Amino acid sequence: MDRTLDSLQLLITQVLPQINVVALLQEFWEKKEKRRAIFPSESLVAYESVPSPDPPFVCYVTLPGGSCFGNFQCCSSRAEARRDAAKVALINSLYNELPPRRITHGFIMKSVQEAVASTSGNVDDADDPSTSIGAYNYMLEANLGKTMLEFQELMIVFQLLHWNGSLKALRDTKCSRQEVIAYYSQYSLDERMRSHMALDWIMKEEETPGIISQELQLALRELEESRKAGRELRFYKEKKEILSLALSHIYSDCITSPTHVDHMNFTLNGYH
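Basis of the calculations
- Residues numbered from 1 in each chain as written.
- Predicted model: local features only at pLDDT ≥ 70, side-chain atom pairs only at ≥ 80, totals over all residues.
- Heavy atoms only, no water.
- Helix = DSSP H or I, 4+ residues; strand = E, 2+ residues; numbered from the N terminus.
- Buried < 20%, exposed > 50% of the residue type's maximum accessible area, 1.4 Å probe, protein only.
- Contact = heavy atoms within 4.5 Å.
- Phe/Tyr/Trp six-rings, centres within 6.5 Å; stacked < 30°, edge-to-face > 60°.
- pLDDT = per-residue confidence, 0-100.
- Axes fitted to C-alpha atoms, helices over the stretch in contact; angles between N-to-C directions.
- Parallel < 35°, antiparallel > 145°, perpendicular 65-115°, else oblique.
- Nonpolar A, V, L, I, M, F, W, Y, C, P; charged D, E, K, R; others polar.
- Left-handed = near helix turned anticlockwise from the far one by under 90°.
- Expected span 1.5 Å × (residues − 1).
- Arc of directions from axis to C-beta.
- Pairing = 2+ DSSP bridges.
- Salt bridge = Lys/Arg side-chain N within 4 Å of Asp/Glu carboxyl O.

K.L.:
Would you mind showing me how to read the overall build of the chain here?
P.N.:
Looking only at helices and strands, the chain has 12 helices and three strands in total. Counting only residues that meet the buried cut, the chain has 42% of its 272 residues in that class. In the chain, once contacts between residues fewer than 6 apart in sequence are set aside, the share between residues at least 24 apart is 60%.

Printed below as a string of structure tokens:
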């Protein structure tokens, strides 16, 4: 967190301790969506409590677009966990509205320079979309004017495709980075795409027994650590959901039927 984010957290947690953060978060996003001429919905901000008979309780809140946050404090009730999750989401929502969080030409130049410094790339690579730096620059340029949360919502698909091994498979078919970006930029992360990724992990499990359980334990650990640090959680939460879906199919009786697998492949046709 930088100083601005720390200041927002201090304002909400100490200066205004009695505010209804759940209502305030809902109102913030209703007004934001109304400015976009989108009719506000009661389910604009979605909460998910993790089932648990005893404290500490955990709650996740998902914002329009898919960004996800959770409570980072140790909460003794579900209501407290909900409020704490809303507080984290509200802090990040307000922070995201600040000018430095919007993608500008200056922001892109700085981000590319930082990416080059953290890799073995070269600044000249930014003009070549076939390189990692070039692809990153290409995606930033394509999202000029958007906020970082909006950009992260797009990037989550590519993060999961990289984790899932799909990007490597596409490179092996000689697809260019531009073609991959253009293709997957059309799709949102929905149940169909999650099911497709789960099917891929089922196939990995057949080759390497136990790999799903190992990946799931890692995802749960990453999710827990990121939640306690107050970070955005969607990547880790989506990994958990995809892997859990794969396990549920493996341990269901119908997964042994070839007809069932063929049906899944038919349903998911269009993502390969």
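K.L.:
How should I be thinking about the packing of aromatic side chains in this particular structure?
P.N.:
Geometry of an aromatic ring pair is reported as the spacing of the ring centres plus the angle between the planes. Using the criterion set out here, one finds three aromatic pairs in the structure. Arranged with centres 5.5 Å apart and planes meeting at 80 degrees, the rings of Phe28 and Trp29 form a pair that is edge-to-face. Judged by its relative accessible area of 17%, Phe28 falls in the buried class. Since its relative accessible area comes to 5%, Trp29 is described here as buried. Relative to Trp201, the ring of Trp163 has its centre 5.0 Å away and its plane inclined at 35 degrees; by these criteria the two rings are tilted. In this pair, Trp163 sits in helix α6 (residues 148–164) while Trp201 sits in helix α9 (residues 191–207), placing the two residues 38 residues apart along the sequence. Look at Trp163 and you get buried, because its relative accessible area is 14%.

K.L.:
What exactly am I supposed to notice about the confidence of the model for the chain here?
P.N.:
Here the chain shows a mean pLDDT of 83. Residues at 70 or above account for 83%. Within the model, the stretch residues 253–272 combines pLDDT values under 50 with 31 contacts to residues more than four positions away or in other chains.

K.L.:
Got a minute to help me understand the packing of α9 against helix α10 (residues 211–228) in this structure?
P.N.:
A pair of packed helices is captured by two measures, namely the crossing angle of their axes and the spacing between those axes. Two elements in contact, α9 and α10, have axes whose closest approach is 8 Å; the angle formed by their N-to-C orientations is 125 degrees. Accordingly, the angle class assigned to the pair α9 and α10 is oblique. Together, Trp201, Ile202, Lys204 and Glu205 of α9 and Ile211, Ile212 and Glu215 of α10 make up the contact between the two elements. Residues that form the contact of α9 with α10 fall into these classes: four nonpolar, no polar and three charged.

K.L.:
Help me understand the packing of helix α2 (residues 21–35) against helix α3 (residues 78–96), please; the structure alone is not making it clear to me.
P.N.:
Relative to each other, α2 and α3 sit at 35 degrees, their axes nearing to 8 Å. Helix-helix and strand crossings are classified by hand; for α2 and α3 the assignment is left-handed. Residues Val21, Val22, Leu24, Leu25, Phe28 and Trp29 of α2 form the contact with α3, whose participating residues are Arg82, Arg83, Ala86, Lys87, Ala89, Leu90, Ser93 and Leu94. When grouped by side-chain class, the residues that make up the contact of α2 with α3 number 10 nonpolar, one polar and three charged.

K.L.:
Would you take a moment to explain helix α4 (residues 105–117) for this structure?
P.N.:
Side chains of residues three or four places apart in an α-helix project in the same direction, reflecting 3.6 residues per turn. Helix length check: α4, at 13 residues, gives a terminal C-alpha distance of 18 Å against a target of 18 Å (1.5 Å per residue), a fit within 8%. Inspection of α4 places Phe107, Ile108, Ser111, Val112, Ala115 and Val116 among the buried residues, and these make up the whole buried set. The buried residues of α4 occupy one face: seen down the axis, they fall within an arc of 165 degrees. Looking at α4, the residues exposed on the side facing more than 90 degrees away from the buried face are Met109, Lys110 and Ala117. The elements touched by buried residues of α4 are α5 (132–142) and α6.

K.L.:
Help me out: how do you make sense of the sheet that holds strand β1 (residues 46–49) in this one?
P.N.:
Spatially, three strands are ordered β1-β2-β3 in an open sheet, and the strand pairing comes out antiparallel. The sheet is open, and its two borders are formed by β1 and β3 (68–70), each paired with just one other strand. For this sheet, the mean angle separating the axes of adjacent strands, direction not counted, is 25 degrees. Pairing geometry for β1 and strand β2 (residues 59–62), over four bridges, is antiparallel. Considered in β2, the bridge of Tyr47 is made with Val61.

K.L.:
Would you take a moment to explain the pattern of salt bridges for this structure?
P.N.:
Going through the model one piece at a time under the given rule, you end up with 12 salt bridges. In this structure, Lys32 and Glu97 form a salt bridge, with 2.7 Å as the shortest nitrogen-oxygen distance. Placement of the pair is Lys32 in helix α2 and Glu97 in the loop between α3 and α4, with a sequence separation of 65 residues. Assessed through its relative accessible area of 9%, Lys32 is described here as buried.

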